[in-house]
Amino acid sequence: MISPLRGLCILALAVAAPPPGFGASKSPVRARQGMVVSAEVRATQAGVEILKNGGNAVDAAVAVGFALAVTHPSAGNLGGGGFMLIRLNKSGETVAIDYREMAPGGATRTLYQDREGNVVRDASTVGYRAIAVPGTPAGLTLALAKYGTMKLREIIAPAIALARDGIELSRFESESLKGARKLLERFPESGRIFLRDGDYYAEGGKFVQPELAGCLELIARNGAREFYEGSIAQQIAAAMKANGGLITIEDLKNYRAVVRKPVEGTYRGCHIYSMPPPSSGGIALVEMLNILEGYPLTRYGQGASRTLHLMAEAMKRAFADRAEYLGDADFVRVPAAGLTSKKYAAERRATIDPFLASNASDLGHGRPDLYESGQTTHFSVVDREGNAVANTYTLNGVYGSGVTIPGTGILMNNEMDDFSAKPGIPNAYGLIHSDANAIAPGKRPLSAMTPTIVTRDGKLFMVLGSPGGPTIINTVLQTLLNVIDFKMTVQQAVDAPRIHHQWTPDRLVLETRGFAQDVIDALRARGHRIEERDSIGDCHTILVDPDSGIRLGAADPRNDGRAIGY
Ligand code: DON
């Protein structure tokens, strides 16, 4: 059964989606200096303007992050969290900024269970108790202070103007708001701001957000501490107290964004940098690439049933390991080196039958310790110096918990659902977790977000990432394989139909209309249980042409994204 939250997420991603498939969009956008690709055109433009005014990729990325909070409210946010991967071209230094949300101090392991130990429906997904301490204001301002060059008020200015002066809503955004009415109308402030109390925004309607503009102005003036200690913090804490939420002023004050070392791996001569825990994305991506490196995929061919079978088997194994081992590495030991080692991948590969699907329930997780040594949105930015940013951030479900803190215009996440409400019980994305992802005060829930940067011969090659819950990791994987193994252009790689397997439930999900019946029949004959889905992922990607250095921007045609370069 598809849970309401997952249903919403899929719906929002599918609004206005053209059928996926080859040739769904034009060639990638080409530019010599800088490129921004995001889910919404005005946010992309805000980033490009910053680049043109001399800002670097981090300046532009932070501007896009603030702008999307205004123009793409289903996922862009101040009240959520995410991950930013940054590569500085001169030194090659690559860092990961973790601004994932955090469980409040009052959170307990059994927070979402009743007295009998049953998980309470919607408790971790809707309303005040589902909200984790937001990380976005801390993360964006930390990235800017450490790696940017411009002042916060210059960077936030486009977002303030978009909120204060209003934007004309696209069909995509107006449909998305209307599609979320069941969630948003449960909370009066959300209903008033995003649904006009039932007088819904139509395509082309003017969407003005004065309260959000006010908060952005305060942050521009006083920095993120306004959100964590100042008047916004007071408003959040008061609303929490009045509505049974857990977040206190202390929780807000204690929040920190953290600079971490990226997960690294190699694949057929490319170097992969991706997100470490509390995301599972980087580790699972590298594990799958390592497994697949053992097969001559180029020869098998893109979209061939043999290739898809092997990809699905690699996905199952990586997701089984994810369920068992991954959690916030500040709280639990994650065998990252083992999971990403080539030897471990060889062992996992040896369990794959080249012809038949393995039964997910027989599969279980492996023993990486033996090799141990020591509605979300993604945007990608490259500047004229070749600095790169891959950023994925989220409210978790589309429009998060549905709660807007009164007086602020800030929508809050429902990221608590990414924890395990109870080991073995699936969350809104059907994911099962172990104790490693149990709830604890101050802990960060496990994520699948996979902002990724790839270099080849030491030079920047690709910048990518996607929304889509667990499908994120597989979306990034397939975009990489399409370029590296199947020699597609970056736009073809992004457009191409996608598959998804997450170990449990034991289903191989295929994008509708993406695959020939012949291929589907062949996969069924190998023992895969097939399910169709309208659309998987929204992978906004940049590739730097190794010969000319030209930046090639590919927005995903499945939604409303846009690449603009100069
Ligand atoms: O961090 C995660 O893995 C999830 N909260 C992401 C949710 C998501 O991508 C929803 N998007 N459609």
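Residues numbered from 1 in each chain as written. Predicted model: local features only at pLDDT ≥ 70, side-chain atom pairs only at ≥ 80, totals over all residues. Heavy atoms only, no water.

**Quick word on the overall build of the protein**
If you tally the helices and strands in the protein, you get 21 helices and 21 strands. Taken over C-alpha atoms, the radius of gyration comes to 22 Å for the protein, in line with the 24 Å a tight globule of 566 residues would show. Principal axes of the C-alpha set define a box for the protein whose edges measure 60 × 60 × 45 Å. The buried share of the protein, reckoned over its 566 residues, is 65%. Accessible surface, the protein as shown: approximately 19200 Å² in total, 50% of it carbon and sulfur. Once the 61 positive and 59 negative side-chain charges of the protein are each reduced to a mean point, those two points are 2 Å apart. (Helix = DSSP H or I, 4+ residues; strand = E, 2+ residues; numbered from the N terminus. Rg over C-alpha atoms; globule rule 2.2 N^0.38 Å. Buried < 20%, exposed > 50% of the residue type's maximum accessible area, 1.4 Å probe, protein only. Areas by Shrake-Rupley, 256 points an atom, 1.4 Å probe, with all protein chains shown as cover. Lys, Arg positive; Asp, Glu negative; His and termini not counted. Charge placed at Lys NZ, Arg CZ, Asp CG, Glu CD.)

**Here's the deal with the nonpolar core**
Membership of the largest hydrophobic core comes to 85 residues, with the highest contact counts inside it found for V62, F66, M84, I86, L216 and V381. Ranked by the residues each element gives to this core, the list is headed by helix α3 (residues 57-71), at 12 residues. In this view, M84 contacts A61, V62, V95, A96, I97, Y99, L140, A143, V389, A390 and N391; residues no more than four positions away in its chain are not counted. Listed in part, the 60 residues of the second largest apolar core include A360, V494, W503 and V519. (Core = buried A, V, L, I, M, F, W, Y, C linked by side-chain atoms within 4.5 Å. Contact = heavy atoms within 4.5 Å.)

**Here we look at the packing of aromatic side chains**
Aromatic ring pairs are defined here through the distance separating the ring centres and the angle between the ring planes. Enumeration over the complete set of coordinates arrives at six aromatic pairs. Plain terms: the ring middles of Y201 and F207 are 5.0 Å apart, the flat faces sit at 70° to each other, and that makes the pair edge-to-face. Note on accessibility: Y201 and F207 belong to one class, buried. Residues F379 and Y393 carry aromatic rings whose centres are separated by 6.0 Å and whose planes lie at 90° to one another, so their mutual orientation is edge-to-face. With F379 in strand β10 (residues 377-382) and Y393 in strand β11 (residues 388-394), the pair connects residues that are 14 residues apart, well separated along the chain. Like F379, the residue Y393 is buried in the burial classification. The rings of F194, Y201, F207 and Y399 are connected pair by pair, giving a single aromatic cluster. The lysine or arginine in question, R456, covers the ring of F461, its NZ or CZ lying 4.2 Å from the ring centre. (Phe/Tyr/Trp six-rings, centres within 6.5 Å; stacked < 30°, edge-to-face > 60°. Lys NZ or Arg CZ within 6 Å of the ring centre and 35° of its normal.)

**Structural notes on the confidence of the model for the protein**
Taken residue by residue, the protein gives an average pLDDT of 93. The fraction at 70 or more is 94%. In this model residues 1-23 is a low-confidence stretch, pLDDT under 50, and it forms 66 contacts with partners more than four residues away in sequence or in other chains. Ignoring residues within four places in sequence, the model shows residues 370-374, a span with pLDDT below 50, making 15 contacts including any to other chains. (pLDDT = per-residue confidence, 0-100.)

**A closer look at the sheet that holds strand β17 (residues 508-511)**
Pairing between the strands of a sheet is mediated by backbone hydrogen bonds and can be parallel or antiparallel. Across the sheet, three strands lie side by side as β16-β17-β18; this open sheet has mixed pairing. In this open sheet, the two edge strands, each paired with only one partner strand, are β16 (499-500) and β18 (530-533). Relative to β17, β16 runs antiparallel, the two being bridged by two bridges. In the strand pairing of β17, I499 is matched with L510. (Pairing = 2+ DSSP bridges.)

**Comments concerning helix α11 (residues 231-242)**
For α11, with 12 residues, the first-to-last C-alpha span of 17 Å sits near the 16 Å given by 1.5 Å per residue. Of the positions making up α11, those classed as buried are I232, A233, I236, A237, A239 and M240. One side of α11 holds all its buried residues, which, seen down the axis, span an arc of 165°. Residues K241 and A242 are exposed on α11 and point more than 90 degrees away from its buried face. Contacts from the buried residues of α11 go to α9 (210-222), α10 (225-228), α12 (249-254), β12 (404-405) and β13 (410-411). (Expected span 1.5 Å × (residues − 1). Arc of directions from axis to C-beta.)

**Quick notes on unusual backbone geometry**
Between P277 and the following residue, P278, the backbone shows a cis peptide bond with an omega angle of 15°. As for its position among the elements, P278 is in the loop between β9 (270-274) and α13 (281-292). One non-glycine residue, R196, lies in the positive phi region at around 45°. Checked against the element boundaries, R196 lands in the loop between α8 (188-195) and β6 (206-207). The backbone of R513 sits at a positive phi, close to 70°, despite the residue not being glycine. Along the polypeptide, R513 turns up in the loop between β17 and α21 (517-525). The exposed category is assigned to R513, whose relative accessible area is 55%.

**Things to note about the sheet that holds β9**
The seven strands are arranged β1-β20-β19-β15-β14-β9-β8 in an open sheet whose pairing can be described as antiparallel. Strands at the two margins of the open sheet, each flanked by one partner only, are β1 (29-31) and β8 (263-267). On average, each strand axis in the sheet is tilted by 20° relative to the strand beside it, whichever way the strands run. In this structure, strand β15 (residues 459-464) lies alongside strand β19 (residues 541-544), joined through two bridges in antiparallel fashion. Paired with M462 across the two strands is L543, which belongs to β19. Against the sheet, α13 contacts β8, β9 and β14 (452-456), and its axis sits at roughly 20° relative to β8. (Axes fitted to C-alpha atoms, helices over the stretch in contact; angles between N-to-C directions.)

**With respect to the environment of M462**
Note that M462 resides in strand β15. When the C-alpha positions of M462 and T541 are compared, they lie 7.2 Å apart, and in sequence the two are 79 residues distant. The contacts of M462, once residues within four sequence positions are left out, are T452, I453, V454, T479, L480, V483, T541, I542 and L543.

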